[in-house]
Amino acid sequence: MADPISPSPVAPETGSAPNTPAPDRADLRPENIQDAVIRLAGNSQDGIQTAGAFLARLAGRSDQDVMTYMTIPSTISGGPSIFQVRIGSGEVLSAGDEADFLVAFYQHSYQDHIDFLKEGGVLLYDSDNVEPNLDDKRFVYVGVPITGLTVEALGGTAKDKGKNIFILGLIAKIFSLDVEKLAKLIKEKFAGKDESIVNTAIMAFTAGYAYPVGNVLTKRYQFEHIAKTGGRAQITMDGNQAIAYGLIAAGVRYGAGYPITPWSSIMEILRSELPKYGGIFVQAEDELGAVSIALGFSYSGYLAVTGSAGPGISLKTEAIGWASMAEIPLIICNIQRGGPSTGLPTNVEQSDLHQAIYGGHGDSPRVVLAAATVEDCFYIAIEAARIARKYSTPVFILSDTSLATRIEAFDEPDLSKLMVDPKPNLSPRQSFKPYPVDAITQHIPPGTRILDGKYPLLSGLEHDEMGHPTGSPKLHMVMTAKRRNKLRKLAEEIPVPEIYGDEEGDVLLVGWGSTYGPIHDAVKQARDHGEKVGAIHLRHIHPLPNGIENMFAKFKRIVVVEMNDQGVYGFGQLAIILRARYCEPKIESFTKTDGLTFRVKEILDGVFKGRSFAARKIPRDGAATVHADTAPESVKSIREVVPQGVG
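What you see is a predicted model, and the numbers here were worked out from it, not measured in a lab.

Peer 1: What should I look at first to understand the overall build of the protein chain in this one?
Peer 2: Helix and strand counts for the protein chain come out as 19 helices and 22 strands. Looking at the 647 residues of the protein chain, the share that counts as buried comes to 56%. Across the protein chain, the fraction of contacts at a sequence separation of at least 24, relative to all contacts at a separation of at least 6, is 73%.

This is how it looks when you write it as structure tokens:
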């Protein structure tokens, strides 16, 4: 952390970390803060995701909690984009309803996001490209010629490159961040590339860090340090990375897929990592080929994975039904995005729940799990593998665009206790029935010796206990019940979710997937304002754990919060399932389909209509300020206004 009384700034040599400088003037003293929301707004080509990821990973290495949020355009040519980072010394559950600090690279960045900046917050804008309305006294305006200074630091070829790292250096100065760790992260990011790329990045960072912020700000900020308990180091990653490494820990060594946003990065990680463990991941020619290859891997005795987003899952449906009939263990990842059809490929929705549970012809039971956080993405993969093996069934892992791209920090898993040996059991059997009507199916790998010489078959046709095809009406009824009842058996072992907040009262919020953080923050704020409210979050969605009805009985209202449409009958997808399961008229829905994650205020306004709740505040001294060097006459005029875009 920066030392506020160290000597005057000294520019470091290229390729080294900047020295920690002193305040630029006597009154520029650090103000301790516990929490800050920083939003970077520009275009996807500006590398703001890279800069934001550096901030998030630094927080993780500094024993701080962090959560990110990003939007990216769906067009290949790019367009308006944001990356938001919330860093806190305590628990961070949501990405934040308001920004404390907004960085605007362009005029459209300013216009689209200024209303997201909290009153008294800081607008840091590129005065080469942005002309703000300085008559609006709600904010602190800090104009810096970011483009010009980056070109000056890196040379004329850097006009459209390096601004993200320049801003990273400037933010590091303003928030007294650990520059040595940041410089190390930059070098790690560009490791393996030409040395000139690393040197250029360090030069841009140094130039931003050396900017005299004392000329435009009256104070800097410093995060309070709260030591983490438990002794385990933190790791920082996004949800797709967590799923991929969770699958590896769970003993998955084989898989196949086809690229689609936002699943593709899981596929890329597995394609590079599985060979290190003696496995392989195949990019198939299409979605049906991918799921069929994965089924072949699982048939061989090695639990396999496939995945996609909603459109690709539709194409896999028939083969997933085959897995249900043949009772083959398989993990299917659905990283949900807006639909239907190709829909909103880079935006978030939770609208594939019914597809996951019911998406198949005939009665084709499968297990459906949903990750709640980035950390949970890791552990849900391990849980999915356990269930798939034990119950010989396809298991869906539902994530979404928000979790896929969000970065969080969490305690490093104890891999010594989690790693699963994936080797199949090839020991000889005296006799073997793959489909016993009075037990759960457990296949044996091909090549296993059967001493009585009666080798089993495997088929997508209805079959008897040995796998021989049959058209017997009685056997079809028995086998259909067998496949259904193993999910009922699973429901008996699933733990009932814990209630967050009040265990009885007026309102129980029910959520699943990436709504976990905003729902819990909403419960906390509502309870702070005297409401009797609790929340449960479902990880096991199909089958549901037994006993939830006992929780429902203790509340007057049950509101299911989810990111899908209320449908023809006025209920979201999980709410429909819960109403069907429990016949409980108290269950109601609060849904949305704008392609954006829930804000805490949205949930409070939607659940408690007419009730006012104060927004999250970070105390700041004094009124909003317009600094002298950002007066209108010193701001460069705009030659071109970029059209308003996503945001």
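Peer 1: Honestly, unusual backbone geometry in this entry has me stumped. Any pointers?
Peer 2: Only a minority of non-glycine residues have a phi that is not negative, and only a minority of peptide bonds are not trans. Cis geometry is adopted by the peptide bond preceding Pro-262, which originates at Thr-261 and carries an omega value of 0°. Structurally, Pro-262 is set in the loop between strand S10 (254-257) and helix H8 (264-273). Here the residue pair Gly-339 and Pro-340 is connected by a cis peptide bond, since its omega of 0° sits within 30 degrees of zero. Examined against the element boundaries, Pro-340 turns out to sit in the loop between strand S13 (330-336) and helix H11 (353-358). Even without being glycine, Asp-63 reaches a positive phi, approximately 60°. When you line up the elements, Asp-63 lands in the loop between helix H1 (48-61) and strand S3 (65-71). According to the relative accessible area criterion, Asp-63 is partly exposed, its value standing at 28%. Positive phi, normally seen in glycine, also occurs at Ser-176, with a value near 50°. Position of Ser-176 among the secondary structure elements: in the loop between helix H4 (163-174) and helix H5 (179-189).

Peer 1: Explain the sheet that holds strand S17 (residues 500-501) here, please?
Peer 2: Pairing between the strands of a sheet comes from backbone hydrogen bonds, and it takes one of two forms, parallel or antiparallel. If you trace the five strands from one edge of the open sheet to the other, you get S17-S19-S18-S21-S22, paired in mixed fashion. Whereas interior strands pair on both sides, the edge strands pair on one side only; in this sheet they are S17 and strand S22 (587-591). With five bridges joining them, strand S21 (residues 555-562) and S22 adopt parallel strand pairing. Within S22, the residue paired with Ile-558 across the bridge is Ile-587.

Peer 1: Hey, could you run me through the sheet that holds strand S12 (residues 304-308) in this one?
Peer 2: Taken in spatial order, the seven strands make up an open sheet running S11-S10-S12-S13-S15-S14-S20, and their pairing is mixed. Each edge of the open sheet carries a strand with a single partner, namely strand S11 (280-283) and strand S20 (540-542). Across the sheet, the mean angle from the axis of one strand to that of its neighbour is 25°, orientation sign disregarded. In the sheet, strand S14 (residues 367-370) pairs with strand S15 (residues 394-400) via four bridges, with the strands oriented parallel. By the bridge assignment, Val-368 is partnered in S15 with Phe-396.

Peer 1: I keep staring at the side chain of Gln-350 and nothing clicks. Help me out?
Peer 2: Here Gln-350 shows up in the loop between S13 and H11. On the accessibility criterion, Gln-350 (0% relative accessible area) is buried. For Gln-350, the side chain forms a polar contact with the main-chain oxygen of Trp-512, separated by 2.7 Å. Apart from residues lying up to four places away in sequence, Gln-350 is in contact with Gln-336, Asp-400, Trp-512, Gly-513, Ser-514, Thr-515, Glu-562, Met-563, Asn-564 and Gln-573.

Peer 1: Looking at this model, I keep getting lost on the packing of aromatic side chains. Mind explaining?
Peer 2: The final tally for this structure, using the stated rule, is 12 aromatic pairs. Residues Phe-205 and Tyr-209 carry aromatic rings whose centres are separated by 6.2 Å and whose planes lie at 20° to one another, so their mutual orientation is stacked. In this pair, Phe-205 and Tyr-209 both sit in helix H6 (residues 195-210), four residues apart, roughly one turn of the helix. Phe-205 sits in the buried class, given a relative accessible area of 0%. A relative accessible area of 3% places Tyr-209 in the buried class. For the ring pair Phe-552 and Tyr-582, a centre distance of 5.5 Å and an interplane angle of 85° mean the geometry is edge-to-face. Of this pair, Phe-552 sits in helix H17 (residues 548-552) while Tyr-582 sits in helix H18 (residues 573-582), and the two are 30 residues apart along the sequence.

Peer 1: Just to check I follow, could you spell out a nonpolar patch on the surface for this structure?
Peer 2: Together, Tyr-277, Leu-415 and Met-419 line one region of the surface with nonpolar side chains, adding up to about 260 Å² of accessible area. Here Tyr-277 shows up in the loop between H8 and S11.

About the cut-offs
- Residues numbered from 1 in each chain as written.
- Predicted model: local features only at pLDDT ≥ 70, side-chain atom pairs only at ≥ 80, totals over all residues.
- Heavy atoms only, no water.
- Helix = DSSP H or I, 4+ residues; strand = E, 2+ residues; numbered from the N terminus.
- Buried < 20%, exposed > 50% of the residue type's maximum accessible area, 1.4 Å probe, protein only.
- Contact = heavy atoms within 4.5 Å.
- Pairing = 2+ DSSP bridges.
- Axes fitted to C-alpha atoms, helices over the stretch in contact; angles between N-to-C directions.
- Polar contact = N/O pair within 3.5 Å; in protein donor to acceptor, adjacent residues only side chain to side chain.
- Phe/Tyr/Trp six-rings, centres within 6.5 Å; stacked < 30°, edge-to-face > 60°.
- Patch = residues over 30% accessible without salt bridge, like charges linked within 9 Å, V, L, I, M, F, W, Y side chains within 5 Å.
- Areas by Shrake-Rupley, 256 points an atom, 1.4 Å probe, with all protein chains shown as cover.
- Salt bridge = Lys/Arg side-chain N within 4 Å of Asp/Glu carboxyl O.

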